[in-house]
Amino acid sequence: MSETQSSPKMSVLSGRMSHLCAVIGSHMFMIGGYHKGEPEERFKDRDISVHLSDINIYSIRDATWRKVKARGDIPNRGSGMCMASHKQYIYAFGGLIINDSGQREFSNTVHELDTETMTWRFLQPVVGTNSPGVPDRPSIRDKAAMVYYNGALWVFAGWGTRIDRTQHNSRFVPDMSHEFVGWNNELWRFDLKTMKWNSPQCSGSAPSPRAAHTLTMYSDHRAILFGGRTREGRVSELYILNLDTLTWEGPLETGPGPEPRSLHTCTRLHDGNVLLLGGMNGNGDSVKAQWVLETGPDVKWKRVELCKEKLCARTWHTTAAYTVSENCSELLVFGGSPDNIWMPKHKYWANMVRFNYGQC
């Protein structure tokens, strides 16, 4: 296991949070997010967020960045999008976007980036084929979680506009201060061949409505759901979703484990285990404590200290894994904030932290 490395070459890239990130081949693709802008003099005491739409590619072997231009159906800038990747494709869903009029609004669109041609494509869903009263797409939302499995994108939960419907025992919980927005626990599947959404009916006990959680594939057909923010606060619940049998299992009893958090990352490692890093706890602080979820026959948490720097305590960052060998993963952590992001004057990290897991 090597020491944590923080490369000074990263300073050329602006600090940001809520960006998207995926490792494809020996490169890490980073998309959008937002960072601190410069307010007008009369608003100098306020924090101004500037949303980004840039794409930056990091060479894992050379430790260098380069900015690239994309073409095609470029998605609107925004925050709180979720993503999944498969082969050379990166998929982005939802978010709180900046529309063409410059106003913020929730979204439920899907865009696909072909990283070989750097071309965006808006995936127009087929709608209007369901029975009356049966929704044919997810509600508009941000801070959902998404994975790719078997030719489809699977989206769970999120925070967005009121859902006046009941489908497959899904629920909507309104925010106490915003009657028309809140949390849901809908599961949706978007077929990438037919371009149709459907909301599959699952057995088992589904997680409660939440947002800012993670959903991570750890085997051929199973995903781990961890944490997030509910109306009652941040949680540390752990569930397994079997995408073959459409079965929820949980909340799992795993013994001692991580504290409740949201806006964290859970990243699959080369051995099928999952690394939990960062996030915001119930006090609004960024968490430094790191855990590995061992996904063997008896799922359990193990406290680790793979990232030894203070820079590893961060919120709304990204963590990507690069498989060095069958026994070694390298983790790449970028962006986020070490502060309570809902308070003014919080920092935006602009550094990359790299460290290893396994026999490297």
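The structure under discussion appears in the preceding block.
Calculation criteria
Residues numbered from 1 in each chain as written. Predicted model: local features only at pLDDT ≥ 70, side-chain atom pairs only at ≥ 80, totals over all residues. Heavy atoms only, no water. Helix = DSSP H or I, 4+ residues; strand = E, 2+ residues; numbered from the N terminus. Rg over C-alpha atoms; globule rule 2.2 N^0.38 Å. Buried < 20%, exposed > 50% of the residue type's maximum accessible area, 1.4 Å probe, protein only. Pairing = 2+ DSSP bridges. Phe/Tyr/Trp six-rings, centres within 6.5 Å; stacked < 30°, edge-to-face > 60°. Axes fitted to C-alpha atoms, helices over the stretch in contact; angles between N-to-C directions. Disulfide = S-S within 2.5 Å. Polar contact = N/O pair within 3.5 Å; in protein donor to acceptor, adjacent residues only side chain to side chain. Contact = heavy atoms within 4.5 Å. Core = buried A, V, L, I, M, F, W, Y, C linked by side-chain atoms within 4.5 Å. Salt bridge = Lys/Arg side-chain N within 4 Å of Asp/Glu carboxyl O.

### Let's talk about the overall build of the chain
On a plain count of helices and strands, the chain comes out with zero helices and 32 strands. Here the chain has a C-alpha radius of gyration of 19 Å; the compact-globule value for 360 residues is 21 Å, and the two agree. Projected onto its principal axes, the C-alpha coordinates of the chain cover approximately 55 × 55 × 45 Å. Residues classed as buried in the chain amount to 57% of the 360 residues present.

### Here we look at the pairing of strand β26 (residues 265-268)
The pairing of β26 with strand β27 (residues 274-277) spans four bridges and is antiparallel. By the bridge assignment, Thr265 is partnered in β27 with Leu277.

### A closer look at the packing of aromatic side chains
Within the structure shown, the criterion is met by 16 aromatic pairs. Between Trp65 and Phe334, the ring centres sit 5.5 Å apart and the planes meet at 65°, which makes this aromatic pair edge-to-face. Taken together, the residues span a long stretch of sequence, with Trp65 in strand β5 (residues 64-68) and Phe334 in strand β31 (residues 328-334) at a distance of 269 residues. Owing to a relative accessible area of 15%, Trp65 belongs among the buried residues under this scheme. Ring centres of Phe106 and Trp159 lie 5.7 Å apart, and the angle between their planes is 65°; this geometry places the pair in the edge-to-face category. In this pair, Phe106 is assigned in strand β11 (residues 104-106) and Trp159 in strand β16 (residues 152-161), connecting sequence segments 53 residues apart.

### Looking at the sheet that holds strand β24 (residues 238-242)
Overall, antiparallel pairing links the four strands, which are arranged β20-β21-β24-β25 in an open sheet. Where the open sheet ends on each side, the last strands, each with one partner, are β20 (214-217) and β25 (247-249). Adjacent strand axes in the sheet meet at a mean angle of 25° when their direction is disregarded. Inspection of the sheet shows β24 paired to β25 by three bridges, in the antiparallel sense. From the neighbouring strand, Asn242 faces β25, where its bridge partner is Thr247.

### Section: the sheet that holds strand β13 (residues 119-122)
Taken in spatial order, the five strands line up as β6-β13-β12-β9-β8 in an open sheet, and their pairing is mixed. Single-partner strands in this sheet number two, and they are β6 (71-72) and β8 (82-86). Sheet analysis places strand β12 (residues 110-114) next to β13, joined by four bridges and oriented antiparallel. Looking across to β13, one finds that His111 is bridged to Phe122.

### Description of the state of the cysteines
Counting across every chain of the model gives two disulfides. Put simply, Cys328 and Cys360 are joined by a disulfide, and their sulfur atoms are 2.0 Å apart. The chirality of the disulfide connecting Cys328 with Cys360 is right-handed, given an S-S dihedral of about 105°. Linking Cys328 in strand β31 with Cys360 in the segment after β32 (352-358), this pair joins segments that are 32 residues apart in sequence. Look at Cys328 and you get buried, because its relative accessible area is 3%. Disulfides within the chain link the bonded cysteines, taken in sequence order, as 1-2, 3-4.

### Section: the side chain of Asp191
Looking at where Asp191 falls in the secondary structure, it is placed in strand β18 (residues 178-191). With relative accessibility at 16%, the residue Asp191 sits in the buried group. A polar atom in the side chain of Asp191 sits 2.8 Å from the backbone nitrogen of Lys193. A distance of 3.0 Å separates a polar side-chain atom of Asp191 from the backbone nitrogen of Thr194. Ignoring sequence-local partners within four residues, the contact set of Asp191 consists of Gly151, Ala152 and Lys196.

### Remarks on the nonpolar core
Grouped together as the largest cluster of nonpolar side chains are 17 residues, with contacts concentrated most on Trp154, Phe156, Leu215 and Leu243. Put simply, the parts of the chain that give this core at least two residues each are β15 (145-149), β16, β20, β21 (222-226) and β24. Apart from residues lying up to four places away in sequence, Phe156 is in contact with Ala144, Ala145, Asn185, Glu186, Leu187, Pro207, Arg210, His213, Leu215, Leu225 and Trp248.

### Regarding the pairing of β20
Alternating residues of β20 divide into Thr214 and Thr216 and Leu215 and Met217, and every residue in both groups is buried. One ladder, built from four bridges, connects β20 with β21; its direction is antiparallel. Among the inter-strand pairings, Met217 is bridged to a residue of β21, identified as Ala223. Hairpin connection between β20 and β21: a loop of four residues separates the two successive antiparallel strands.

### Structural notes on the pattern of salt bridges
Any two side chains of opposite charge can pair if their charged atoms end up close together. Per the counting criterion, the structure on display carries 11 salt bridges. For Glu237, the salt bridge is made with Arg210, and the minimal N-O distance between the two is 2.4 Å. Here Glu237, found in the loop between β23 (233-234) and β24, pairs with Arg210, found in the loop between β19 (196-198) and β20; they are 27 residues apart in sequence, far enough to count as distant. Using a relative accessible area of 26% as the deciding quantity, one classes Glu237 as partly exposed. Look at Arg210 and you get buried, because its relative accessible area is 0%. As a salt-bridge pair, Glu305 and Lys288 come within 4.0 Å of each other at their nearest N and O atoms. Remark: Lys288 occurs in the loop between β27 and β28 (290-294) and Glu305 occurs in the loop between β29 (300-304) and β30 (318-325); sequence separation between them is 17 residues. Among the residues examined, Glu305 registers a relative accessible area of 46% and is labelled partly exposed. Since its relative accessible area comes to 30%, Lys288 is described here as partly exposed. When salt bridges that share partners are traced, they join Arg16, Asp54 and Lys67 into one network.

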